[in-house]
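# What the coordinates show
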Amino acid sequence: MRHLPTLPDPGELALPLRDFVRGLRQKTAPSRSRLKPALELLPTPLRDRLEQIARDFSEGEVASMRVRNPGDAVIARAAAGLKGADVASAEMAAATAFATAVLLKTAGKSDLLISETVAAICWHEARHSPHRATTYMHALNERELVGTAPGLAHGAIHLGEADHRRIYLALVLWLLADRSISGVAEADLLNISRWLADDVADEVDSYRHQPDRLERLLREHAERI
Amino acid sequence: MKRSLSLLEDNPLPIRKAIRRARWFVSSFRDFVDAVGEETQQDFTLDEAKLISAFTSWYRAFESQKDKAQDHRLEYVTFAAGLMLRELIRFAPLSAATHSREDPDEPAHFWPEGYVYLSFCLAVRAAVIEQDFSIASDIAPELGDIRTWWSFRENTFEDRNSAIAFLELFAGETPNWTTPGIFLSDNGLKFPPASPPRRMKSQG
């Protein structure tokens, strides 16, 4: 008997393929919130059974879509990259995707798709800029690092414009944070960056057309982490 | 309570610098709350987002007057601890659960959140002074006086800046009741002469 092919782990694929598989999984995973109105029309036993199937499927798919932690060494190289060092686009994309996944999970938006290809393109733009952090943050926002797979309705998993900006601000602050002293988990640094981003978002926004000033401001805020 | 500042004391950075990093501020405050909760048999809920807001606001206030402290570093440590207390009270990151066996005449039970904020700021101040100036800090007798705590809570709710003067009082220094939010270092006069706080309530 022939087995149907299964979708590979996205982490094992090259960048565009990873995005493709994640998008496909997002598109095929039935969200319980989207099924709910239809399920309410069904008799209870049938509804319970279908809800269980949807839950099992959804949890399994979301787990397999999870972005991997690229490890401290890759994160450290990506962080150094934002401050001027050389870093491969794939490593910057991996660190970016990991942090964004954590930030989205905290915001209850784990269903959204993160494109490592977009992150790599944004980094390609930013790496030649004298204001790497600012340019990278703006590029992530403009090119939409986070979104839904083509063909999906936004609906319940929509992320507002301000939320997008705060996630990229938190991400950049996290990358700029000092890592010369160990002892604090990356998850804690990310949490602090998220709270700090909430706190300074308006100030950062007011300097969005002054890249020199904004770059300094981002570094100053990151020094506090 | 000193042991609960071990994250700061074991840090490779001097305490005065480590406390200005959110990661150490948050983690040491978190540990401190646990220690006080255990000691006073109280449960606290900590809102870490509010704690970061308090930290950010304190950091800005600290930086804005730092230049005036060049020749008065020791005094500025106490003033900075007062600023920290002001921001913790303003953003109120802690909520204490109530217990039936509370003793309202004990400061820790009379105002549990304020007790933690004040104890933390005094502990940080003491640790910095000990590390940088090799001076051991004493605790002022007012710290256990419930009438002073009545005034402390009432005054700081009306005027947040008075928290700075109360910290100076609890630290055994001469409080600046007139302009507590401004670090005075001109003409060698660190703090003006003591006078009663404007809204200090007398307890019968």
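So, a few notes on the structure that sits alongside this text. If you're wondering where the values come from, they're calculated on a predicted model, not measured in any experiment. (Residues numbered from 1 in each chain as written. Chains lettered and ligands numbered in written order. Predicted model: local features only at pLDDT ≥ 70, side-chain atom pairs only at ≥ 80, totals over all residues. Heavy atoms only, no water.)

## Things to note about the nonpolar core
Ranked by size, the top nonpolar core spans 121 residues in total, and within it Tyr136 and Leu218 of chain A together with Leu88, Phe120 and Trp149 of chain B carry the most contacts. It is helix α7 (residues 112-133) of chain B that provides the largest number of residues to this core, a total of 12 residues. Apart from residues no more than four positions distant in its own chain, Leu218 of chain A is found in contact with Ala133, Thr134, Met137, Leu169, Val172, Leu173, Leu176 and Val204 of chain A. (Core = buried A, V, L, I, M, F, W, Y, C linked by side-chain atoms within 4.5 Å. Buried < 20%, exposed > 50% of the residue type's maximum accessible area, 1.4 Å probe, protein only. Helix = DSSP H or I, 4+ residues; strand = E, 2+ residues; numbered from the N terminus. Contact = heavy atoms within 4.5 Å.)

## Considering the environment of Leu51 of chain B
Residue and element names in this part refer to chain B. Of note, Leu51 is situated in helix α4 (residues 48-65). Considering only alpha carbons, one finds Leu51 and Ala163, 112 residues apart in sequence, at a separation of 17 Å. Excluding residues that lie within four positions of it along the chain, Leu51 makes contacts with Phe25, Val26, Phe29, Leu46, Leu88 and Pro93.

## Here's the deal with helix α7 (residues 132-143) of chain A
Residue and element names in this part refer to chain A. Between its first and last C-alpha, α7 extends 16 Å over 12 residues, near the 16 Å set by a 1.5 Å rise per residue. Looking only at α7, the buried set comprises Arg132, Ala133, Thr134, Tyr136, Met137, Ala139 and Leu140. Against the buried residues of α7 lie α4 (72-82), α5 (89-106), α6 (116-126), α8 (161-176), α9 (186-206) and α10 (211-223). Backbone geometry just downstream of α7 places Glu144 in the positive-phi region, at approximately 60°. (Expected span 1.5 Å × (residues − 1).)

## Details of the environment of Asp198 of chain A
Residue and element names in this part refer to chain A. Mapping Asp198 onto the fold places it in helix α9. Overall, the relative accessible area of 39% leaves Asp198 in the partly exposed class. Linking Asp198 and Ala170, residues 28 residues apart in sequence, is a C-alpha distance of 8.2 Å.

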